[in-house]
Each structure stands twice: as C-alpha cells, then as structure tokens.
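Coordinates in review
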Amino acid sequence: MRHVIALDVGGTGMKAALVGADGGLLHRARRATGRERGPDAVVEHILDFAAELRAYGVEHLGEPASAAGVAVPGIVDAERGIAAYSANLGWRDVPLRDLLAARLGGVPVALGHDVRTGGLAEGRIGAGKGADRFLFVPLGTGIAGAIGIDGRVEAGAHGFAGEIGHIVVRPGGTPCPCGQTGCLERYASAAAVTEAWATATGDGAADAADCAKAVTAGDPRAEKVWQEAIDALADGLVTALTLLDPRTIIIGGGLAEAGETLFTPLREAVRSRITFQKLPTIVPAALGDTAGCLGAGLLAWDLLNLTDRTEVAP
C-alpha cells in the first residue's frame, strides 16, 4: 500500500504516522525527543525513528514509504531543507532533509516549520477547510501564526511570516525575549495568562486552565486577568486582519481549550474594534495535537505528487 511518513518533532515529544493516499492514518507512533541528551543525539533519534517507521511500512504495508514530511520547531529553511535554529532543541543549521533522505533510501523529503505545518492541516482538512484565506493562531507557551492562501501556507521571504506573537500591542510594556517590549505573546499566550493568574492568586501552581475555570465561577480577579488577555489578543488579531484580510481565524493551542469562555468574549472584542475591516469567522482549531503530524503528511504527499508530475511531464 502506497504511503508516506509524517513526523512532527516537538520540544519534548515526537508524533509520527504512516499516511495513505486518501489521508488515512495507517499507523501511529510516539517517542520522546530526548533533548536532554543534546542536539546531535536529538537528530540521530529523529533519523532512527524515521527508519523504524520505514521498516514498519515494509513489514506491514508491503513496501517502504514513498516520501516523508517532517515538521520541526524554530527557524526553518524549507527550500534548502535545513533546520536553521531551535532554542528548545539546541541545534543550528542541521541539513535534516538530506539526512532523512539518506536514511530512508533516497525518497523525497519535505521539511516544514511546525506551526505552519499544523496550519496547513487545519486549513485543508480541519477548521479552515474550504476557506481560501485563513490565519491559524495557536496560543501556547508563545503565540505563533500561519497564513493560509488557497491551500498553502505562506512562509515569507525569509521564513518568518505569521509571527503574530511579536506584534507590539502594548508599546513600552513587558520585555519580550525577542528584544522588543509589549509583544502580544507576553499578554495573551497560555504562559502569560498562567503567570498573571499565579501572581493574582499568590499560588505558584495556578495555571491558565485554572484561571478559565475561575472566570466561569465568577471570580473577579480571574475576570480581570482574562479580559486583559482577551483585549491584547483582539488588538493583535485586528492588526493581523487589517494586513491579511483572512476569511477565517483559527485559534488553537492550550488556551483555546477554554472553549466559549475564550471565544465568546474574543469575538465580541474583535467585533468592537473593527471599522472598515471585514469581520472574519473566528473558530477553534479542530485537529488538536495531531495537526502537525497530519500537516507533515500533507507536505509529503504534495512533494510526492509534484515529483510524479515532473517525471511524467514531456
């Protein structure tokens, strides 16, 4: 059965699948990333995991994978197939595409940025399915973004497109590790809400999920923390929609798990801020933590289909 390898590399864990031509998941697996062993060991672990997946395909599906797609964090040069930098994994300028291709018997390999790859999946087969223009915004430790245009995700001239978390929404505000002050992710990420709620309660173990529950229970301290995050997020989203005019905004990540506790006030906050702009549909992500892996599979099939068309071209 013809299939591809899809691999999503995270800071702590890796998710993988063998994906059929119809998008069906024929096999799934997970491994720890093992970043505590250093960047070289992480790369070797990725290559070993990919080789295991190839072997599984040979044994159980009758043939090796025809291609592979891998999503990684940090700065990615997708065109050259290089994992340029990852603060979490500690690597620099890793020629991951070539290393994987060599380990997998020379099959084509696509390398992508984790958030853009997850956005590709959400746009094509998830919450943004059918939308010609979408913006995918996961609210996690930080805030990233993926700009979807007609079934693909825009990387930008230098691979930095979509970094909505570093829109300055509070000039002169909280310093950000990026070097600016007042960045969106310092106010509206799950990590930012966790920090604000822990400070408000004096409970170092309190997190964003606890804050959302307290909002539902009517705690005024939680309502204040939550509304400040909503206001910052709405400011950032209105800036983004002014520039990009997306039809759909897809919100994912840990903070989106609060459901309508997040989405009802967020939709109203965005609606109250727009003037000439068109109000986009604001929806929760549909694919959860499988988005990156599913997107890696899409990258692999796209690459394989392109290769097939090139080979048959006159």
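Check the entry above for the structure.
**Regarding helix α8 (residues 260-273)**
Note: α-helices contain 3.6 residues per turn, so residues at a spacing of three or four share the same orientation. Across its 14 residues, α8 extends 19 Å between first and last C-alpha, which sits within 8% of the 20 Å expected from 1.5 Å per residue. Those residues of α8 lying buried are Leu-262, Phe-263, Leu-266, Ala-269 and Val-270. Along the axis of α8, the buried positions cluster into a sector of 135°, meaning they face one direction only. Where α8 is buried, its residues touch α7 (220-244), β12 (248-252) and β13 (281-284).

**Quick notes on the packing of α7 against α8**
Between α7 and α8, whose axes approach to 9 Å, the crossing angle comes to 50°. Compared by their axis directions, α7 and α8 come out oblique. Seen along the crossing, α7 lies across α8 with a hand that is right-handed. Between α7, through Trp-226, Ile-230, Asp-231, Leu-233, Ala-234, Asp-235, Leu-237, Val-238 and Leu-241, and α8, the contact on the second element is made entirely by Thr-261, Leu-262, Pro-265, Leu-266, Ala-269, Val-270 and Arg-273. When its residues are assigned to classes, the contact of α7 with α8 shows 12 nonpolar, one polar and three charged.

**Side note on the nonpolar core**
Ranked by internal contacts, the top residues of the largest apolar core, which has 43 residues, are Ile-164, Trp-226, Leu-237, Ile-251, Leu-266 and Val-270. Per-element accounting of this core gives the leading share, 12 residues, to α7. Once you skip the residues sitting within four places of it in the chain, Leu-266 turns out to touch Ile-230, Leu-233, Ala-234, Leu-237, Ile-251 and Ile-282. Ranked by size, the runner-up nonpolar core spans 31 residues in total, among them Ala-50, Leu-53, Val-70 and Ala-83.

**Observations regarding the pairing of strand β10 (residues 146-149)**
Two strands pair when backbone bridges link them, and strand β9 (residues 133-138) and β10 are joined in this way by four bridges, in the antiparallel orientation. Residue pairing across strands places Leu-135 opposite Ile-147, the latter belonging to β10. Examined bridge by bridge, β10 and strand β11 (residues 152-154) share three bridges and lie antiparallel to one another. When the bridges of β11 are listed, Ile-149 appears paired with Arg-152. The hairpin turn running from β10 into β11, its antiparallel successor, is two residues long, and Asp-150 in that turn takes a positive phi close to 50°.

About the thresholds
- Residues numbered from 1 in each chain as written.
- Predicted model: local features only at pLDDT ≥ 70, side-chain atom pairs only at ≥ 80, totals over all residues.
- Heavy atoms only, no water.
- Helix = DSSP H or I, 4+ residues; strand = E, 2+ residues; numbered from the N terminus.
- Expected span 1.5 Å × (residues − 1).
- Buried < 20%, exposed > 50% of the residue type's maximum accessible area, 1.4 Å probe, protein only.
- Arc of directions from axis to C-beta.
- Contact = heavy atoms within 4.5 Å.
- Axes fitted to C-alpha atoms, helices over the stretch in contact; angles between N-to-C directions.
- Parallel < 35°, antiparallel > 145°, perpendicular 65-115°, else oblique.
- Left-handed = near helix turned anticlockwise from the far one by under 90°.
- Nonpolar A, V, L, I, M, F, W, Y, C, P; charged D, E, K, R; others polar.
- Core = buried A, V, L, I, M, F, W, Y, C linked by side-chain atoms within 4.5 Å.
- Pairing = 2+ DSSP bridges.

Read these as spatial facts, not as claims about activity.
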